[in-house]
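Working through the structure, step by step
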Amino acid sequence: MQRRLAKSDSRAALVRTLAGRRVALLFYEASTRTRVSFEFAAKNLGAFTTVVTAAASSIEKGESLVDTGYTIQATGAEAIVMRHPASGAAALLARHIHVPLINAGDGMHEHPTQALLDAFTMLQHKKTLRGLHVLIVGDIFHSRVARSNVQLLSKFGSRITLCGPDALLPRLSATLADGVVVSRDFDAELKSADVIMMLRVQKERLAGLDLNVADYIAQYQLTGERLQAAKRGAVVMHPGPMIRGMEITAEVADGPQSVIVEQVQNGVLTRMAILARAFAMSGRGER
Ligand code: NCD
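The text that follows walks through the structure, step by step, so that each part is easy to find. Quick caveat, the model's predicted, so the values are computed rather than measured. (Residues numbered from 1 in each chain as written. Predicted model: local features only at pLDDT ≥ 70, side-chain atom pairs only at ≥ 80, totals over all residues. Heavy atoms only, no water.)

**A short note on the pattern of salt bridges**
Cut-off, in case you're wondering: Note on definitions: salt bridges are taken to be side-chain nitrogens of Lys or Arg within 4 Å of carboxyl oxygens of Asp or Glu. Under the scheme used here, helices are H or I runs from DSSP no shorter than 4 residues and strands are E runs no shorter than 2 residues, and both carry numbers assigned from the N terminus. Using a 1.4 Å probe on the protein chains alone, a residue whose accessible area is under 20% of its type maximum counts as buried, one over 50% counts as exposed, and one in between counts as partly exposed.
For the structure on display, the rule yields seven salt bridges. A salt bridge links E39 to K43, with the nearest nitrogen and oxygen atoms 3.0 Å apart. Of the two residues, E39 and K43 both sit in helix α2 (residues 33-44), four residues apart, roughly one turn of that helix. Accessibility expressed as a relative area gives 18% for E39, which makes it buried. Residues R226 and D187 are paired through a salt bridge, measuring 2.8 Å at the closest nitrogen-oxygen approach. With R226 in helix α9 (residues 224-228) and D187 in helix α7 (residues 186-190), this pair connects stretches of sequence that are 39 residues apart.

Structure representation (structure tokens):
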């Protein structure tokens, strides 16, 4: 009973954080977990939300990104969360509006809130990010998740290895941050990885790429057998959406080393913190 009371007290405190504030979710690209978790995060803090998607809005009628941003701001939105298929779109709109803009993924560029929730999840399982061997596997070339994780984890001194075939992982990727290693040998890297982060092969961005799916699966799919030969205590992560049978088997995705569901749960908490901070920094928090 006491525990329940404490819980409802803290809930009541949370919903006061952004009580009555207005958050617009502007999604030009498909999303499930990012969109839902931002919406629940905002609502958990007491904010009102509205979701604008490309279909069924003036975007479909040809309105420009900046004009849509101005419009949403003029209706009273006090923060905008945006996902857009073009790299740099978030930085562009942020230069034109005066409310906080949170990047929920821009093209192949960055997905910073995903990296933050990933780091939070790693810290629930590992003592420190310093020296942690994080193995990121798959379609690195198209992955904003990989890019943001490299940016964040390198700041905290993690040992980052990017792994995948040439077509999905150009050698140049090693220049993303100091100390980043590019490897083609998944089995060898598994022997020392503390965190194994699997990425989806982004079919929608594959046009023109030379990739044999059967070869890819043979070399880079995370199977139960591979995981058994991996370092003991390694955790398996995936930002989703995962394609079972492609980059990961169902056995591994649902297995005891998988923290994939925790990542999604942590997405809500992390985004609550991000929204609260964005409002606090812009002086638009609790009145
Ligand atoms: C990813 C994305 O959209 O960048 N998913 C996510 O937000 N958790 C990865 C992907 O699409 O494969």
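**Digging into the site of the ligand**
What counts is decided by this rule: Throughout, the term near means that a residue has one or more heavy atoms lying within 4 Å of the molecule or strand in question. Polar contact is defined as a pair of N or O atoms within 3.5 Å, subject to the rule that within protein one atom must be able to donate a hydrogen and the other to accept it, and that residues adjacent in sequence are counted only when both atoms are side-chain atoms. To measure how exposed things are, a 1.4 Å probe is used in the Shrake-Rupley method; for residues, cover is taken only from the protein chains shown. The residue classification treats Ala, Val, Leu, Ile, Met, Phe, Trp, Tyr, Cys and Pro as nonpolar and Asp, Glu, Lys and Arg as charged. All others, Gly included, are polar.
Close contacts around the ligand come from R33, T34, R83, H111, Q114, R144, V145, R200, Q202, P239, G240 and P241, and that covers them all. In the environment of the ligand, an oxygen atom lies 2.7 Å from a nitrogen or oxygen atom belonging to the side chain of R144. Taking R200, its side chain carries an N or O atom lying 2.7 Å from an oxygen atom of the ligand. Relative to its free-state accessible area of 320 Å², the ligand is covered by the protein chains to the extent of 93%. Every element with two or more residues in the shell around the ligand is listed here: α2 and α6 (144-155). Class assignment for the residues of the shell around the ligand results in three nonpolar, five polar and four charged.

**Observations regarding the sheet that holds strand β9 (residues 235-237)**
The test is simple: For two strands to count as paired, DSSP must find a minimum of two bridges between them. Axis definition: a line fitted to C-alpha atoms, limited for helices to the stretch in contact. Angles are taken between N-to-C directions and run from 0 to 180 degrees. Whether two residues are in contact is decided by their heavy atoms: any pair within 4.5 Å suffices.
Spatial ordering of the open sheet is given by β7-β6-β5-β8-β9, a layout of five strands whose pairing is parallel. The sheet terminates laterally at β7 (181-183) and β9, the two strands that pair on one side only. Ignoring which end each strand starts from, the neighbouring axes of this sheet average 20 degrees apart. With three bridges joining them, strand β8 (residues 195-198) and β9 adopt parallel strand pairing. Note that in β9 the partner of V195 across the bridge is V235. Along the sheet face, helix α5 (residues 112-125) touches β5 (133-137), β8 and β9 and points at about 165 degrees away from the line of β9.

**Regarding helix α4 (residues 89-96)**
Our working definition: It is the directions from the helix axis to the C-beta atoms that the arc portrays.
For α4, the complete set of buried residues consists of A89, A90 and L93. The buried residues of α4 occupy an angular sector of 95 degrees when the element is viewed end-on, so they sit on one face. Each element contacted by the buried residues of α4 is listed here: β1 (22-27), α3 (65-74), β3 (79-84) and β4 (101-106).

**Overview of the nonpolar core**
Quick reminder of the rule: Residue types Ala, Val, Leu, Ile, Met, Phe, Trp, Tyr and Cys, when buried and joined through side-chain atoms within 4.5 Å, form a set referred to as a nonpolar core.
Judged by nonpolar contacts, the single largest core of 25 residues is most densely connected at M122, I136 and L162. Breaking this core down by element, the ones donating at least two residues are α5, β5, α6, β6 (159-163), β8 and β9. A per-element tally of this core places α6 first, with five residues. The next biggest cluster of nonpolar side chains, apart from the first, holds 23 residues, and it includes I196, M198, A234 and M246.

**Structural notes on the environment of V261**
Examined against the element boundaries, V261 turns out to sit in helix α11 (residues 260-281). A residue is classified by how much of its surface remains accessible, and V261, at 58% relative accessible area, is exposed. Sequence spacing of V261 and M237 is 24 residues, and the spatial spacing of their C-alpha atoms is 9.0 Å.

Don't take any of this as a statement about function, it's just geometry.
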